[in-house]
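Chain and residue survey
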Amino acid sequence: MGLTKVTHNVLESRYTGSSALASSSSGVTVDSSAANVFTITAGHNITFNFTNVKVGDVKTIIITGGGGSYTLTLGTINGSSGTYNNLGGTYDDTGSTKNILEIKFVSASEAWYQISKAAS
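Quick notes on the rules
Residues numbered from 1 in each chain as written. Predicted model: local features only at pLDDT ≥ 70, side-chain atom pairs only at ≥ 80, totals over all residues. Heavy atoms only, no water. Helix = DSSP H or I, 4+ residues; strand = E, 2+ residues; numbered from the N terminus. Buried < 20%, exposed > 50% of the residue type's maximum accessible area, 1.4 Å probe, protein only. Contact = heavy atoms within 4.5 Å. Areas by Shrake-Rupley, 256 points an atom, 1.4 Å probe, with all protein chains shown as cover. Lys, Arg positive; Asp, Glu negative; His and termini not counted. Charge placed at Lys NZ, Arg CZ, Asp CG, Glu CD. Pairing = 2+ DSSP bridges. Polar contact = N/O pair within 3.5 Å; in protein donor to acceptor, adjacent residues only side chain to side chain. Core = buried A, V, L, I, M, F, W, Y, C linked by side-chain atoms within 4.5 Å. Patch = residues over 30% accessible without salt bridge, like charges linked within 9 Å, V, L, I, M, F, W, Y side chains within 5 Å. Salt bridge = Lys/Arg side-chain N within 4 Å of Asp/Glu carboxyl O.

The next subject is the overall build of the protein chain. The secondary structure content of the protein chain amounts to 1 helix and 10 strands. Traced from its N-terminal end to its C-terminal end, the protein chain shows the element sequence α-β-β-β-β-β-β-β-β-β-β. Considering only C-alpha atoms, the protein chain reaches an extent of 60 × 30 × 25 Å along its principal axes. By the burial criterion, 32% of the 120 residues in the protein chain qualify as buried. Across the protein chain, the fraction of contacts at a sequence separation of at least 24, relative to all contacts at a separation of at least 6, is 53%. With an accessible surface of roughly 6,800 Å², the protein chain has 50% of that area assigned to carbon and sulfur atoms. Counting 7 positive and 7 negative side-chain charges, the protein chain places the centres of these two groups 8 Å from one another.

Spatially, 2-4-6-7 is the arrangement adopted by the 4 strands of the open sheet, whose pairing is mixed. Looking at the sheet topology across the chains shown, the edges are occupied by strand 2 (28-31) and strand 7 (80-81). As judged from the 2 bridges shared by strand 6 (residues 72-77) and strand 7, these two strands associate in the antiparallel manner. Within strand 7, the position partnered with Thr76 by the bridge is Ser81.

Checked against the element boundaries, Asn99 lands in strand 9 (residues 98-105). Within the structure, the side chain of Asn99 is placed 2.9 Å from the backbone oxygen of Asp92, a separation counted as a polar contact. A polar side-chain atom of Asn99 sits 3.4 Å from the main-chain carbonyl oxygen of Thr97.

Looking now at the nonpolar core. Among the nonpolar cores identified, the biggest contains 23 residues, and Phe48, Phe50 and Ile61 are the most heavily contacted of them. If you list the elements that add at least two residues to this core, you get strand 2, strand 3 (37-41), strand 4 (46-51), strand 5 (58-64), strand 6, strand 9 and strand 10 (110-117). For Ile61, the residues in contact, after removing those within four places along its chain, are Val30, Phe38, Ile40, Phe48, Phe50, Asn99, Ile100 and Leu101.

This next bit is on a nonpolar patch on the surface. On the surface, Val6, Val10, Leu11 and Tyr15 cluster together into a nonpolar patch covering about 410 Å² of accessible area. On the secondary structure map, Leu11 appears in the segment before helix 1 (13-16).

When you line up the elements, Val53 lands in the loop between strand 4 and strand 5. Measuring from C-alpha to C-alpha, the distance between Val53 and Ser32 comes to 5.5 Å, with 21 residues separating the pair along the chain. Residue contacts for Val53: discarding those within four places in its chain leaves Arg14, Ser32, Ile77, Asn78 and Phe105.

Tallied over the full model, the rule gives 2 salt bridges. Of the charged contacts in the structure, one is a salt bridge between Arg14 and Asp57, with a shortest N-O distance of 2.7 Å. You can see Arg14 sitting in helix 1 and its partner Asp57 sitting in the loop between strand 4 and strand 5, a full 43 residues away along the chain. Side by side, Arg14 and Asp57 carry an identical accessibility label, which is buried. Lys117 is the salt-bridge partner of Asp92, the closest N and O atoms lying 2.5 Å from each other. With Asp92 in the loop between strand 8 (83-88) and strand 9 and Lys117 in strand 10, this pair connects stretches of sequence that are 25 residues apart. Assessed through its relative accessible area of 46%, Lys117 is described here as partly exposed.

Here it is as structure tokens:
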């Protein structure tokens, strides 16, 4: 019996896709099954609520600052309150600043994350 190659083309979108999110004052739902990389430009204070999370998921969210002194909050994981452990970095809402939120889900209710931005 031969080995089957796992290639990028056979992986689900949760591992290979990219998706744009819309800024909303009522919270932003991040469907973890939809993509691996998400993008958003802040137009409000942002609360990310993660759905369809599986243990081991790693997601990247590229957040472009809106310039309105908007804040970033990490909300629920699969509909319940989550515990978020910051490895470092803070969100910078300066207009057009690119922030990268990288987040690793270690259980159905806990994640570790870091926020970075390009050096100026």
